[in-house]
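Understanding the architecture of this molecule
For reference, the chains in residue letters:
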Amino acid sequence: MRYRIGDIKKQLRFAALSKLLRELKQILYGNSEAEPVSEACAQLTQEFFKENTLRLVIVCLPKLNLEARKDATQIVANLQRQQVQSRLIACDYLEANIDLMDILASGYENPDMALHYGAMLRECIRHQSVARYVLESEHMKKFFDFIQLPNFDIAADAAATFKELLTRHKSTVAEFLSKNYDWFFAEYNSKLLESPNYITRRQAIKLLGDMLLDRSNSAVMTRYASSRDNLRILMNLLRESSKSIQIEAFHVFKLFAANQNKPADIVGILVANRSKLLRLFADFKPDKEDEQFEADKAQVVREIAGLEPRDN
């Protein structure tokens with residue numbers, strides 16, 4: 001099937017655009033009768049970005065019907081992976097049109113568009129330069145509120161994007177966390193780890209462990225595990241009635257216990273709470289047998305049992 005993507009500009013009627021999106025999707029994904037043809041996909045990709053069609057699709061998306069929005073979302077996802085002469089030209093296009101990320105990230109403020117724009121955004125941040133732009137933008141601060149939106153599906157989608165931003169590109173994430181440590185973890189602690197919402201707390205403590213236990217973030221981990229305020233929050237999470245939150249909190253708490261250069265105030269808190277902590281860990285185990293967890297727990301118990309108070 002051949003046509004000129006440039007025709008889209010002459011067919012701004014949304015019915016025509018919806019029809020064209022269906023045809024684009026069929027070329028990229030194939031159908032029940034035929035697999036996609038790589039040459040056709042490459043040509044489509046080249047024309048799509050050359051003709052600035054991505055901007056048209058993103059800007060017009062709110063005016064399209066639901067099926068067309070779904071088609072557009074799948075097309076944008078596919079095009080992020082399409083190579084033309086061994087290049088991901090989607091990345092080049094997005095770098096030159098980076099303001100489109102502002103539209104996508106702001107989509108969480110619109111309940112009708114949030115899931116479509118959110119899915120597109122996650123695909124676009126596969127490219128490291130695009131992810132860096134979003135991390136360094138004002139949108140990052142808004143994610144702490146998006147994650148707690150009352151609409152469960154939108155909040156979950158925002159949480160998925162937030163996690164992708166903070167785990168996918170290791171060196172970029174490490175740089176972001178180091179440069180933005182103070183405000184980021186102040187927000188993370190107060191809005192997520194201390195959220196009244198159980199799901200928010202559970203997702204946040206799991207993601208915190210994933211970030212701090214990543215070798216790329218070792219400097220951030222050391223800094224986090226040297227704060228008495230952070231330790232207080234972790235000890236509260238260890239006392240949660242939810243086993244899954246307790247287990248995830250333990251994986252972060254062990255960083256405080258294992259730190260061989262504990263500040264005196266951290267030692268003081270651990271010593272003051274030693275008997276409570278040792279009692280808690282005595283019956284502390286995951287639902288499934290886990291040798292590594294038991295080894296980590298034994299080490300934490302040894303560290304806490306052997307602590308001596310230090311002068312400040």
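Looking up the protein in an unreviewed UniProt entry gives the name MO25-like protein At5g47540, with the organism given as Lactuca virosa.

Considering empty space enclosed by the protein
The full count for this structure, using the stated rule, is one cavity of 30 Å³ or more. Reported here for the largest cavity is a volume of approximately 40 Å³. As for the largest cavity, its lining consists of Arg132, Leu135, Glu136, Thr172, Glu175, Phe176 and Lys179. Taken together, the elements giving at least two residues each to the lining of the largest cavity come down to α9 (128–136) and α12 (170–179). Residue composition of the lining of the largest cavity, by class: two nonpolar, one polar and four charged.

Re the pattern of salt bridges
Counted by the stated rule, this structure contains 22 salt bridges. The closest approach of N and O atoms between lysine 254 and aspartate 296, which form a salt bridge, is 2.9 Å. In this pair, lysine 254 is assigned in helix α17 (residues 243–258) and aspartate 296 in helix α20 (residues 291–305), connecting sequence segments 42 residues apart. Given the relative accessible area of 13%, aspartate 296 is considered buried. Because the salt bridges share partners, they merge into one network encompassing Glu136, Glu175 and Lys179.

Topic: helix α13 (residues 181–193)
Under the 1.5 Å per step criterion, the end-to-end length of α13 is only 16 Å for 13 residues, more than 12% shorter than the ideal 18 Å. Taken residue by residue, α13 has Tyr181, Phe184, Phe185, Tyr188, Asn189, Leu192 and Leu193 as its buried positions. The buried residues of α13 occupy an angular sector of 125° when projected down its axis, which confines them to one face. Buried residues belonging to α13 abut α10 (139–146), α11 (152–167), α12, α14 (198–212), α15 (218–224) and α16 (228–238).

Remarks on helix α2 (residues 14–29)
Given a rise of 1.5 Å per residue, 16 residues ought to cover 22 Å, and the 22 Å separating the end C-alpha atoms of α2 matches this to within 8%. Every buried residue of α2 is listed here: Ala16, Leu17, Ser18, Leu20, Leu21, Leu24, Ile27 and Leu28.

A few points about the packing of α16 against α17
Packing of α16 against α17 brings their axes to within 8 Å, and their N-to-C directions diverge by 145°. The hand of the α16/α17 crossing is left-handed. Contacts from Asn230, Leu231, Leu234, Met235, Leu237 and Leu238 in α16 reach Ile245, Gln246, Ala249, Phe250, Val252, Phe253 and Phe256 in α17. Here the residues of the contact of α16 with α17 are counted per class, giving eleven nonpolar, two polar and no charged.

Cut-offs used in this document
- Residues numbered from 1 in each chain as written.
- Predicted model: local features only at pLDDT ≥ 70, side-chain atom pairs only at ≥ 80, totals over all residues.
- Heavy atoms only, no water.
- 1 Å grid on protein atoms, 1.4 Å probe; cavity = no way out; pocket = protein on both sides within 12 Å on 5 of 7 lines; lining within 4 Å.
- Points joined across faces, edges and corners; volume = space filled by probe spheres on them.
- Helix = DSSP H or I, 4+ residues; strand = E, 2+ residues; numbered from the N terminus.
- Nonpolar A, V, L, I, M, F, W, Y, C, P; charged D, E, K, R; others polar.
- Salt bridge = Lys/Arg side-chain N within 4 Å of Asp/Glu carboxyl O.
- Buried < 20%, exposed > 50% of the residue type's maximum accessible area, 1.4 Å probe, protein only.
- Expected span 1.5 Å × (residues − 1).
- Arc of directions from axis to C-beta.
- Contact = heavy atoms within 4.5 Å.
- Axes fitted to C-alpha atoms, helices over the stretch in contact; angles between N-to-C directions.
- Left-handed = near helix turned anticlockwise from the far one by under 90°.

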